[in-house]
Amino acid sequence: MSNIKDQYTRKNIKSDILKLIIMRLDFSGVIKFDDFVEKLRTSEYINRYFKKIKRLKKIPQSCSQEEDYPKNGTLPIYREASSDIYRFVDCKIEETSKAFLDVTKDGIILNILCDGAYSGSERYTRFMVDVVGILLDVNSYISLERVGIRKIDSFEAKNKDDVSAVFDENFVVKEDLNVIEQFRESTKTSIYCENDVLYNVVQHMSKINDDQIRVVFDVDSYIVFDDSFEDKSMSLDQLYELMYVKMQDKMFDFFKDVTSVSYLQRCKHEG
């Protein structure tokens, strides 16, 4: 049976509440880390998209400490790194991109701060897979241990009507606003598994002050496995298919399931 929301797809929706995307690939067996960083630093391909590199001696401050990032307190953003971090900044993947790339011995993490300056994940996903290809050129026996993608939508509302303009009845935490005078915070966390990919889906609201309520929809998807490159069981094309299609199609389904038809219609564009 068709659904009225079926007409809305990843290709024709540009949501203005998407605030942060994190793509993370965790590895083991990276022996020639310095060679990998040097190859990234001197790569014409990388230099086309990132203009500067910084070396950080310790884990950087989380993006969550920035004023425009949703402080939802639901899931941690960073894990402790076991090595120095090389951060590639001044991103040119798209014209208004605010992305930066962190590289450690444990993995590569692409952080994309959206704020309306995001036209889709295809180029970012392809870039991440290409970075893995460079890593494999230097370290041919690495094992890919975890692939994770996280997308956080957030906005501020004054009342339940403001929330309902974006989220429908499937965003169940908004019902707690029926007692707005007493309301302080509400969170619903659901965990799903489909084709070995796990999805943590969080609905969250918290009162900032008497006039503002922070509303967050947070989807964290990941898959954990062993020796995916070491035994050649996964190619770079298969990694792209996993990240861009398998994982992110489902993430969009979760987003579409809770958003109102009127909001989806407002975000729809042709072409």
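Residues numbered from 1 in each chain as written. Predicted model: local features only at pLDDT ≥ 70, side-chain atom pairs only at ≥ 80, totals over all residues. Heavy atoms only, no water.

On to the overall build of the protein, then. Looking only at helices and strands, the protein features 6 helices and 9 strands. Across the 271 residues in the protein, those meeting the buried criterion constitute 52%. Sequence separation of at least 24 residues holds for 73% of the intrachain contacts in the protein that already meet a minimum separation of 6. (Helix = DSSP H or I, 4+ residues; strand = E, 2+ residues; numbered from the N terminus. Buried < 20%, exposed > 50% of the residue type's maximum accessible area, 1.4 Å probe, protein only. Contact = heavy atoms within 4.5 Å.)

With respect to the helices and strands, the residue Arg-24 is situated in strand β1 (residues 18–28). Side-chain polar atoms of Arg-24 contact the side chain of Asp-26, separated by 2.7 Å. (Polar contact = N/O pair within 3.5 Å; in protein donor to acceptor, adjacent residues only side chain to side chain.)

Each α-helix winds once per 3.6 residues, and so residues spaced three or four apart point in a common direction. When helix α1 (residues 33–42) is considered as a whole, its buried residues turn out to be Phe-33, Phe-36, Val-37 and Leu-40. The buried side chains of α1 occupy one side of the element, clustering within an arc of 95° when seen end-on. Residues of α1 that are buried make contact with α2 (44–49), β2 (50–56), β3 (85–91), β4 (100–103), β5 (107–113) and α3 (122–138). (Arc of directions from axis to C-beta.)

This part takes up unusual backbone geometry. Phi is mostly negative for residues that are not glycine, and the peptide bonds are mostly trans. Not every positive phi belongs to a glycine, and Asp-90 is a case in point at roughly 60°. Look at Asp-90 and you get partly exposed, because its relative accessible area is 34%. Even without being glycine, Asp-196 reaches a positive phi, approximately 75°. Structurally, Asp-196 can be placed in the loop between β7 (185–194) and β8 (197–207). Residue classification places Asp-196 among the exposed residues on the basis of a relative accessible area of 60%.

Glancing now at α3. For α3, with 17 residues, the first-to-last C-alpha span of 25 Å sits near the 24 Å given by 1.5 Å per residue. Where burial is concerned, most of α3 is hidden: 12 out of the 17 residues are buried. Every buried residue of α3 is accounted for by Tyr-124, Thr-125, Phe-127, Met-128, Val-129, Val-131, Val-132, Gly-133, Ile-134, Leu-135, Leu-136 and Val-138. (Expected span 1.5 Å × (residues − 1).)

Here we come to the packing of aromatic side chains. One pass over the full model with this rule turns up 12 aromatic pairs. Considering the side-chain rings of Tyr-199 and Phe-254, the 5.4 Å spacing of their centres and the 55° angle between planes classify their relative orientation as tilted. Of this pair, Tyr-199 sits in strand β8 while Phe-254 sits in helix α5 (residues 236–258), placing them 55 residues apart in sequence. Pair check on accessibility: Tyr-199 and Phe-254 agree, each one buried. Taken together, a centroid distance of 5.4 Å and an interplanar angle of 20° make the contact between Tyr-240 and Tyr-244 stacked. In this pair, Tyr-240 and Tyr-244 are both assigned in helix α5, 4 residues apart and thus about one turn of the helix distant. Like Tyr-240, the residue Tyr-244 is buried in the burial classification. Through successive ring pairs, a cluster of aromatic residues spans Tyr-45, Tyr-49, Phe-50 and Phe-127. The ring of Tyr-244 carries the charged tip of Arg-10 above its face, separated from the ring centre by 4.4 Å. Residue placement shows Lys-250 over the ring face of Phe-254; its charged tip is 5.2 Å from the ring centre. (Phe/Tyr/Trp six-rings, centres within 6.5 Å; stacked < 30°, edge-to-face > 60°. Lys NZ or Arg CZ within 6 Å of the ring centre and 35° of its normal.)

Taken in spatial order, the 9 strands of this open sheet run β2-β3-β4-β5-β1-β6-β9-β8-β7, and their pairing is antiparallel. Lying at the two open borders of the sheet, with one neighbouring strand each, are β2 and β7. Ignoring which end each strand starts from, the neighbouring axes of this sheet average 15° apart. In this structure, β7 lies alongside β8, joined through 10 bridges in antiparallel fashion. Looking across to β8, one finds that Thr-187 is bridged to His-204. Running over the sheet, α3 touches β1, β2, β4 and β5 and is turned about 20° from β1. (Pairing = 2+ DSSP bridges. Axes fitted to C-alpha atoms, helices over the stretch in contact; angles between N-to-C directions.)

Keep in mind these numbers describe shape, not what the thing actually does.
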